[in-house]
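# Results of the structural survey
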Amino acid sequence: MKLSLEIVRTALRTLRQHKLRSALTMLGVTIGVGSVIAMVSMGQGARALVKAQIEGLGSNMLFVFAGSTTTGGARFGTGTAFTLTIEDARAIQRECLSVALVSYGKRETNQVVYGNQNWNTVITGVTPEYRLIRNWTLSSGTFFTDRDTERATTVCVLGQKVAESLFLGENPLGKTVIIKKVPFRVIGVMESRGAIAGGERDQDDQIFIPFTTAEWKIMGSVLPGYVSIIYASATSNEAIPEAEEQIKELLRQRHNITKDQADDFIIMNLRDIAAFREATGKILTYLLGSIASVSLVVGGIGIMNIMLVSVSERTREVGIRMAVGAKRRDILVQFLVESVVLSCIGGLIGLALGVGGSQLLSLIGRWPVLISPLMILVAFSFSVLVGVVFGLYPANQASRLNPIDALRYE
Amino acid sequence: MPKKELIVVKDISKVYRMGEVEVHALRGVSLKVAVGEFLAVMGPSGAGKSTFMNILGCLDGPTSGEYILDGQKVSSLNSNELAEIRNKKVGFVFQSFNLLPRSTALENVELPLLYSGVLYKTRREKAMSVLWSMGLKGREYYTPSRLSGGEQQRVAIARAIINEPSLILADEPTGNLDSMNAAEVMKIFKELNKRGITIILITHESDIAQYARRRIVFRDGKVTEDTEATLSLREGGVV
Ligand SMILES: Nc1ncnc2c1ncn2[C@@H]1O[C@H](COP(=O)(O)OP(=O)(O)O)[C@@H](O)[C@H]1O
Ligand SMILES: [Mg+2]
């Protein structure tokens, strides 16, 4: 059989002759390829979303956390040690040339009450520059100003989610909420920023109050003058590394850190955070992908199983073909092509189901989905490979039969 | 004029090993068959006739001895060359027909052409005409299960002759047929022999054997008789 089309046609005919069996065999590969595509699309979709969200945060931003990589490890928004002060923040503003704006903050989780509604959320005490650094606009009202900081006024700006949860559609502006028995007047509501998928709690689930108010009236003044986080924006995107370097130098100097000592603070820029999240997303994608690949391998074993059954069932057929002149190679190719055709068709159906399924998932489940052509190509090639690898053994078995033994086989 | 020899078999033996037991199916068989002969092979069941036939058809190899087919020493050939011989030089007809059950009559007949690389259109045409010459017009697209025994055997004969072999080996081809179908099949063999094809045919029945001009008898793995049909028989018009 020199004619490749002929071989494929023969294989197709044979598979048609055993419809149910062929369908069941393909099912394994179909499920394998389908789930690989669905899983990886979900993983990649999540990654793309995270990336978009992080870029939306304001890409010139730098965070300085208290703590060190050796003792604490950085957790977004919480200082594990008390090493940063308001004076540090002011010094950065004064002396670091590549830094445009500086803000600082303290956070605490607390109960907020409005009327008979209450809500557990994060109270963030910051200076007004925070909003500018984060490049965050308000959906209504205003953010507090330096005057509020100076006087430690009891005003607050609600995150979108807090506003929805406490006010249930009512207009919050001018209303009073109670935090730790202190009444606060709502002067603004932030625009929705959403959760960073796979990470932090919802950014919309917090309340902003002036830093001084937080320090004196809410969080107690155990350590007055200390902050848990300093926010800074670089003068430009390109200036981020310089800004980072300048801040590092300044803080080391101010904290009297000698050359052989480690920093007692951690500087992160959004690119670092993006990279970290990206890595997490990648791991997620690989994890999902490899789980799904297992099912593809299981599908391949299914093919091998059926092909082995098929070979022993068709031993007589092999004998007849050999008796009329089929060479070993002809028999090998015949069975191999059958298994590859099976896995290809199974793979194509799986591809359609995988793409369709993940679209459906993004529509119904609102999960972000990203389908890349490369992934489709890889998944499909893999299914062809499965056909070759798992078809080879049975095909080889068939081709090694002795003509007369095969003919006599009952 | 010396007749050209198609088959030369020298002292062939075949031993089957089944665990501890050795079965001597052939114990030193020597035979010459000339081009164009019609040979009947007879003998009791288990005498080694089929074993001998399978060796002649290159489906199996002898344990020892030499087999020369059309001047070619078969024992020195590799599996591809043997496949080539089965494809081009030899046509096999079995008692149990050995047709592919899920393929049509036409596809079954085409099979040898498929393995000699003949293109689809030529293959179809040729298979069709051979099938028709076997009186099977209208049965082209039937699968074997829808054909009678006689029809199945004629499909098998069509398949055996489609590549125009010089030798046809038939192992009890009429064993599963009623006398009318058997007679028809034998008529076909006789016709083919007239065209110059060498035919070797195993049979139990002496009336079938009478179609052949030469008759050998196997007993216990050996050829015990080798007779040409007598003139009187031929004149009697049987042959
Ligand atoms: N594949 C085999 N394995 C073992 N013994 C076999 C095999 N084929 C044939 N035989 C034995 O060889 C002997 C000859 O068999 P066979 O050639 O089929 O006889 P016949 O065709 O004359 O009836 C028998 O005893 C048979 O049992
Ligand atoms: Mg026999």
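Criteria and thresholds
- Residues numbered from 1 in each chain as written.
- Chains lettered and ligands numbered in written order.
- Predicted model: local features only at pLDDT ≥ 70, side-chain atom pairs only at ≥ 80, totals over all residues.
- Heavy atoms only, no water.
- Contact = heavy atoms within 4.5 Å.
- Buried area = accessible area lost by both parts, 1.4 Å probe.
- Salt bridge = Lys/Arg side-chain N within 4 Å of Asp/Glu carboxyl O.
- Polar contact = N/O pair within 3.5 Å; in protein donor to acceptor, adjacent residues only side chain to side chain.
- Helix = DSSP H or I, 4+ residues; strand = E, 2+ residues; numbered from the N terminus.
- Nonpolar A, V, L, I, M, F, W, Y, C, P; charged D, E, K, R; others polar.
- Core = buried A, V, L, I, M, F, W, Y, C linked by side-chain atoms within 4.5 Å.
- Buried < 20%, exposed > 50% of the residue type's maximum accessible area, 1.4 Å probe, protein only.
- Phe/Tyr/Trp six-rings, centres within 6.5 Å; stacked < 30°, edge-to-face > 60°.
- Lys NZ or Arg CZ within 6 Å of the ring centre and 35° of its normal.
- Near = heavy atom within 4 Å.
- Areas by Shrake-Rupley, 256 points an atom, 1.4 Å probe, with all protein chains shown as cover.
- Pairing = 2+ DSSP bridges.
- Axes fitted to C-alpha atoms, helices over the stretch in contact; angles between N-to-C directions.
- Patch = residues over 30% accessible without salt bridge, like charges linked within 9 Å, V, L, I, M, F, W, Y side chains within 5 Å.
- Parallel < 35°, antiparallel > 145°, perpendicular 65-115°, else oblique.
- Left-handed = near helix turned anticlockwise from the far one by under 90°.
- Domains from an automatic or database assignment.

Counting from both sides, the interface comprises 26 residues of chain A and, opposite them, 29 residues of chain B. Considering only the side of chain A, the residues that lose the most area to chain B are Ile320, Val324 and Lys327 of chain A, jointly responsible for 23% of the buried surface there. Measuring nitrogen to oxygen at the nearest pair gives 3.3 Å for the salt bridge that ties glutamate 107 of chain B to arginine 13 of chain A. Put simply, chain A and chain B have nine residue pairs in polar contact (both at pLDDT 80 or more) between them. Within the residue set of the side of chain A that touches chain B, elements represented by two or more residues are α1 (4–17), α10 (315–323), α11 (328–364) and α13 (403–408) of chain A. Sorting elements by how many residues they give to the side of chain A that touches chain B places α10 of chain A first, with six residues. Looking at side-chain class alone, the side of chain A that touches chain B contains 10 nonpolar, five polar and 11 charged residues.

To continue, consider the nonpolar core. Of all hydrophobic cores here, the largest spans 70 residues; its most connected members are Ile7, Tyr67, Leu69 and Ile200 of chain B. Sort the elements by how many residues they give to this core and α11 of chain A lands first, with seven residues. Look past the residues within four positions of tyrosine 67 of chain B in its chain and what remains in contact with it is Ile7, Val8, Val9, Ile12, Ile55, Leu56, Cys58, Gln72, Lys73, Val74 and Ser75 of chain B. By size, the runner-up hydrophobic cluster in this structure holds 40 residues, among which are Leu99, Ala156, Ala170 and Ala182 of chain B.

Take the packing of aromatic side chains next. Enumeration according to the criterion identifies 11 aromatic pairs over all chains in this entry. Their ring planes at 10° and their centres at 4.8 Å tell us that phenylalanine 92 of chain B and phenylalanine 94 of chain B sit as a pair that is stacked. For phenylalanine 94 of chain B, a relative accessible area of 11% gives the class buried. Directly above the ring of tyrosine 120 of chain B sits arginine 9 of chain A, whose terminal nitrogen or CZ lies 4.9 Å from the centroid. If you follow lysine 137 of chain B out to its NZ or CZ, it ends over the ring of tryptophan 132 of chain B, 4.1 Å from the centre.

Now for the pattern of salt bridges. Per the stated rule, a full pass over the model turns up 31 salt bridges over all chains. Residues glutamate 66 of chain B and lysine 73 of chain B are paired through a salt bridge, measuring 3.6 Å at the closest nitrogen-oxygen approach. A single salt-bridge network, built from bridges that share partners, covers Arg314, Glu317, Arg321 and Glu338 of chain A.

Time to look at the site of ligand 1. Taken together, 13 residues sit near ligand 1, with Arg408 of chain A together with Gly46, Lys49, Ser50 and Thr51 of chain B positioned nearest. More than one chain reaches ligand 1: the nearby residues come from chains A and B. Contact between ligand 1 and glycine 46 of chain B: an oxygen atom at 2.7 Å from a main-chain N or O atom of the residue. Lysine 49 of chain B places a main-chain nitrogen or oxygen 2.8 Å from an oxygen atom of ligand 1. Starting from 560 Å² of accessible surface for ligand 1 in isolation, the protein chains cover 71%. For the shell around ligand 1, the secondary-structure elements that each account for two or more residues are β1 (5–18), β2 (21–34) and α1 (49–56) of chain B. Residues that form the shell around ligand 1 fall into these classes: six nonpolar, five polar and two charged.

With that settled, the discussion passes to the sheet that holds strand β3 (residues 38–42) of chain B. Two pairing modes exist for strands in a sheet, parallel and antiparallel, and in both the strands are linked by backbone hydrogen bonds. Residues and elements named next belong to chain B. The mixed open sheet is built from six strands, whose spatial order is β6-β7-β8-β3-β9-β10. Bordering the open sheet on either side are β6 (90–94) and β10 (222–228), each of which pairs with just one other strand. The mean inter-strand angle of the sheet, taken between neighbouring strand axes irrespective of direction, is 15°. With six bridges connecting them, strand β9 (residues 214–219) and β10 associate as antiparallel partners. Along β10, the bridge assignment pairs phenylalanine 218 with valine 223.

This next bit is on a nonpolar patch on the surface. All names here are of chain A. A grouping of Val297, Ile301, Phe382, Leu385, Val388 and Val389 is seen on the molecular surface, where their side chains present a nonpolar patch of about 460 Å² in accessible area. Only α9 (270–313) and α12 (373–399) provide two or more residues apiece to the nonpolar patch. If you tally residues by element for the nonpolar patch, the top one is α12, at four residues. Inspection of the secondary structure assignment puts leucine 385 in helix α12.

All names here are of chain B. One way to put it is that helix α5 (residues 149–161) packs onto helix α6 (residues 179–194) with a least axis distance of 10 Å and a crossing angle of 15°. What the angle tells us is that α5 and α6 run roughly parallel. Note on packing geometry: the crossing formed by α5 with α6 is right-handed. On the side of α5, the interface is formed by Gly150, Gln153, Arg154, Ile157 and Ile161, while α6 contributes Asn181, Glu184, Val185, Ile188, Phe189 and Leu192. Classifying every residue of the contact of α5 with α6 by side-chain character gives six nonpolar, three polar and two charged.

Once that is clear, we can look at the domain arrangement of chain A. Here chain A is partitioned into domain 1 (2–53 + 285–407) and domain 2 (82–263). Distance between the C-alpha centres of domain 1 of chain A and domain 2 of chain A: 56 Å.

What follows deals with unusual backbone geometry. Residues other than glycine seldom take positive phi values, yet alanine 152 of chain A does so here, at roughly 50°. Structurally, the position occupied by alanine 152 of chain A is in the loop between α5 (146–151) and β6 (155–158). Its identity as a non-glycine residue notwithstanding, glutamate 164 of chain B has a phi of 50°, on the positive side. As for its placement among the helices and strands, glutamate 164 of chain B is situated in the loop between α5 and β7 (167–171). Among the residues examined, glutamate 164 of chain B registers a relative accessible area of 61% and is labelled exposed.

To continue, consider the pairing of strand β8 (residues 182–190) of chain A. All names here are of chain A. Taken across its nine residues, β8 has seven buried, putting it largely inside the fold. Two elements, strand β5 (residues 138–141) and β8, share three bridges in a ladder whose sense is antiparallel. Paired with serine 140 across the bridge in β8 is valine 189. In this structure, β6 lies alongside β8, joined through four bridges in parallel fashion. When the bridges of β8 are listed, valine 155 appears paired with arginine 185.

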